[in-house]
Amino acid sequence: MSRKVLLDATQLNIILHRLACQLVEKHTDFKNTVLVGIQPRGVHVANRIHKILKEEYGLENIKTGQLDITFYRDDFRRGEKPLEANKTKIDFVVEDKCVVFIDDVLYTGRSIRAALTAIQSFGRPDEIELLSLIDRRFSRHLPIQPDYNGRQVDAINEEKVKVSWKENDGEDAVYLISK
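Residues numbered from 1 in each chain as written. Predicted model: local features only at pLDDT ≥ 70, side-chain atom pairs only at ≥ 80, totals over all residues. Heavy atoms only, no water.

Draft legend 1. Summary view of the layout of surface pockets. By volume, the second largest pocket is sized at about 180 Å³. Listing elements by their share of the lining of the second largest pocket, those giving two or more residues are helix H1 (9-27) and helix H2 (42-57). For the lining of the second largest pocket, the element with the highest residue contribution is H2, accounting for five residues. When the residues that make up the lining of the second largest pocket are grouped by side-chain class, the tally is two nonpolar, two polar and five charged. (1 Å grid on protein atoms, 1.4 Å probe; cavity = no way out; pocket = protein on both sides within 12 Å on 5 of 7 lines; lining within 4 Å. Points joined across faces, edges and corners; volume = space filled by probe spheres on them. Helix = DSSP H or I, 4+ residues; strand = E, 2+ residues; numbered from the N terminus. Nonpolar A, V, L, I, M, F, W, Y, C, P; charged D, E, K, R; others polar.)

Written as C-alpha cells, this is what we have:
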C-alpha cells in the first residue's frame, strides 16, 4: 500500500481559510445561514471553518450543527455488521434558512443524497449548498456538485482519499492511498 501526500498541514490551512472567505463573501453576516457538518468526518471541517469565521472574521452567532446520515443511506443494510449511528446535533430551526452542508470528501454523492433526506426532519430549508474539502470529481454516481470546493482530486476507484485531523489522527494532512 502506498501513501501520497495531497495536502500538508499548511496547504490544508490555506484551503480552509479560502473556503471560509468564500462563505463570508456569499453569506456576509450568516443571519439566514446555518452550517451543518455531515457525520462523522464533515464535522471536523465544519468545526475548523466555524473557528476561522469566529476568530478571524469576528462572526459570533453562526449556528453550526452535526447531521448523522447513517440510516438515510441507500446502502445501510448491505454490510455484514450492524452500523453504529453517530450523533445528530441540530439545536436550531432550518426552516427558511440557507443550509450549508459540509463534508470532507465528496465521492459518489450518496452521502449528500442521504443528507438531503435527513435534513427534512428538521424543517424545509430555503436553500441548500454544499462545501466539500476534497472533490473526487470523476467518481460520482449522482448528479451532485459542490458549491464550495477545497481541491479536486482525480483518483481511480481503487484509490482512497484520507483526510487526517490533528484532533483524531495526530496531524493535519490529506493522503491518496493506493492498494
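There's more to say after this.
Draft legend 2. Quick look at the packing of H1 against H2. Taken N-terminus to C-terminus, the directions of H1 and H2 make an angle of 70 degrees; their axes are 9 Å apart at the nearest point. Judged by the angle between their axes, H1 and H2 are roughly perpendicular. Viewed along their axes, H1 and H2 form a crossing whose handedness is right-handed. Across the interface between the two elements, Leu16, His17, Leu19, Ala20, Cys21, Leu23 and Val24 of H1 pack against Val45, Arg48, Ile49, Ile52, Leu53, Glu56 and Tyr57 of H2. A per-class count over the contact of H1 with H2 returns eleven nonpolar, one polar and two charged. (Axes fitted to C-alpha atoms, helices over the stretch in contact; angles between N-to-C directions. Parallel < 35°, antiparallel > 145°, perpendicular 65-115°, else oblique. Left-handed = near helix turned anticlockwise from the far one by under 90°. Contact = heavy atoms within 4.5 Å.)

Draft legend 3. Molecular detail of the sheet that holds strand S2 (residues 33-38). Spatial strand order, S3-S2-S4-S5-S6: five strands in an open sheet with parallel pairing. Only two strands of the sheet have a single partner each, and these edge strands are strand S3 (63-67) and strand S6 (148-152). The average undirected angle you get between the axes of adjacent strands in this sheet is 25 degrees. Bridge count between strand S4 (residues 98-106) and strand S5 (residues 127-135): eight bridges; the pairing is parallel. By the bridge assignment, Leu106 is partnered in S5 with Asp135. With respect to the sheet, H1 is in contact with S2, S4, S5 and S6, its orientation differing from that of S6 by roughly 155 degrees. Across the sheet, H2 lies against S2, S3, S4 and S5, angled at about 125 degrees from S4, the strand it touches most. (Pairing = 2+ DSSP bridges.)

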